[in-house]
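As a plain string of letters, each chain reads:
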Amino acid sequence: MLCRPGCSQCCYGPFEITQLDAHRLRKGLAELESHDPDRAAAVRQRARHAAQLKNFSDDDPCPVLDPETGTCDLYASRPITCRCFGPPVLCDSGAVGVCELCFAGASDEEIAACLVDFDPAGLESVLIDELQRATGVSGMTTVAFSLASGDS
C-alpha cells in the first residue's frame, strides 16, 4: 500500500455510509472532543459546511480530512468503506473498487488475485441490525450528515 499522510485521493467526493459507521464516527468525534476540542470543533465545522452543500461533488473533501495535514482526523473511527479501500473489494454493483495508486499498472488478473472480502462472516450487517433495533435509525447517510449536528 502507498497510503501515507497527504495520500487522500479516496477522501474526495460523496459516498454513503451505514448508520453503524455514523455511530462509530460520532463516538470518535466525542473522544476527540475530550482530548483535542479545537480539532473536534474544526471537524464539526467542516461537517456542517459539507452538510449544507446542495451539490457535494467529487472535488469536495470528506469533512474529517484535515486540509492542512492530509490525514483523517477520525482515522480510528473511519467508516468501513474507508477501512477497506486500497485492496480490491467487490462492490454491491459487481464492480471491483481498488486504489488506482496502489495498483498502478496492474492487470485485471493481478487485481483479482488480491480481492478482499472485508466482512466474510457477515457480522457488519448483524451489528447494523442491532443498532437499528436499539435506536430506530436505519438507512444510509454520509459522513457530513452524521457529524453535522451538535450531539455526538
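Note that the structure is predicted; figures quoted are calculated from it, not measured.

Our focus in this paragraph is the side chain of Ser146. With respect to the helices, strands and loops of the structure, Ser146 is situated in helix α6 (residues 143–147). A polar atom in the side chain of Ser146 sits 2.9 Å from the backbone oxygen of Val143. For Ser146, the contacting residues outside a window of four places in its chain are Ile17, Ala22, Leu25, Arg26 and Thr141.

Attention now moves to the pattern of salt bridges. What the rule picks out here adds up to six salt bridges. Salt-bridge contacts for Glu124 lead to Arg24; the nearest nitrogen and oxygen are separated by 3.0 Å. Of the two residues, Glu124 is situated in helix α5 (residues 123–135) and Arg24 in helix α1 (residues 19–35); the sequence distance between them amounts to 100 residues. Measuring nitrogen to oxygen at the nearest pair gives 3.0 Å for the salt bridge that ties Asp73 to Arg39. Placement of the pair is Asp73 in the loop between α2 (37–52) and α3 (80–83) and Arg39 in helix α2, with a sequence separation of 34 residues. Judged by relative accessible area, which is 7%, Asp73 ranks as buried.

The next subject is the packing of aromatic side chains. Under the criterion given, the structure shown has zero aromatic pairs. Looking at Arg78, its charged tip hangs above the ring of Tyr75, at a distance of 3.7 Å from the centre.

A separate point is the packing of α1 against α5. Following both chains from N to C, one finds α1 and α5 inclined at 75°, their axes separated by 9 Å at the closest point. Relative to α5, α1 is oriented roughly perpendicular. Each of Gln19, Leu20, Asp21, His23 and Arg24 in α1 lies in contact with α5, whose residues at this interface are Glu124, Leu127, Ile128 and Leu131. Residues belonging to the contact of α1 with α5 are distributed by class as follows: four nonpolar, two polar and three charged.

Glancing now at the confidence of the model for the chain. Of the residues in the chain, 96% reach a pLDDT of 70 or more, and the chain-wide mean stands at 85. The spread of mean pLDDT over the elements of the chain runs between strand β1 (residues 89–90), the lowest at 76, and α1, the highest at 95.

Turning our eyes to something else, we now look at the nonpolar core. Ranked by size, the top nonpolar core spans 14 residues in total, and within it Leu29, Val43, Val64, Leu74, Val143 and Leu147 carry the most contacts. Residue assignment for this core shows that the elements contributing at least two residues are α1, α2 and α6. Among the elements that line this core, the one with the most residues is α1, at four residues.

Glancing now at α5. An α-helix turns once every 3.6 residues. As a result, residues three or four positions apart point the same way. When the terminal C-alpha atoms of α5 are compared, their 18 Å separation across 13 residues agrees well with the 18 Å that a helix rising 1.5 Å per residue should span. Phi for Gly136, located one or two positions after α5, is positive at around 80°.

Reading guide: rules and limits
Residues numbered from 1 in each chain as written. Predicted model: local features only at pLDDT ≥ 70, side-chain atom pairs only at ≥ 80, totals over all residues. Heavy atoms only, no water. Helix = DSSP H or I, 4+ residues; strand = E, 2+ residues; numbered from the N terminus. Polar contact = N/O pair within 3.5 Å; in protein donor to acceptor, adjacent residues only side chain to side chain. Contact = heavy atoms within 4.5 Å. Salt bridge = Lys/Arg side-chain N within 4 Å of Asp/Glu carboxyl O. Buried < 20%, exposed > 50% of the residue type's maximum accessible area, 1.4 Å probe, protein only. Phe/Tyr/Trp six-rings, centres within 6.5 Å; stacked < 30°, edge-to-face > 60°. Lys NZ or Arg CZ within 6 Å of the ring centre and 35° of its normal. Axes fitted to C-alpha atoms, helices over the stretch in contact; angles between N-to-C directions. Parallel < 35°, antiparallel > 145°, perpendicular 65-115°, else oblique. Nonpolar A, V, L, I, M, F, W, Y, C, P; charged D, E, K, R; others polar. pLDDT = per-residue confidence, 0-100. Core = buried A, V, L, I, M, F, W, Y, C linked by side-chain atoms within 4.5 Å. Expected span 1.5 Å × (residues − 1).

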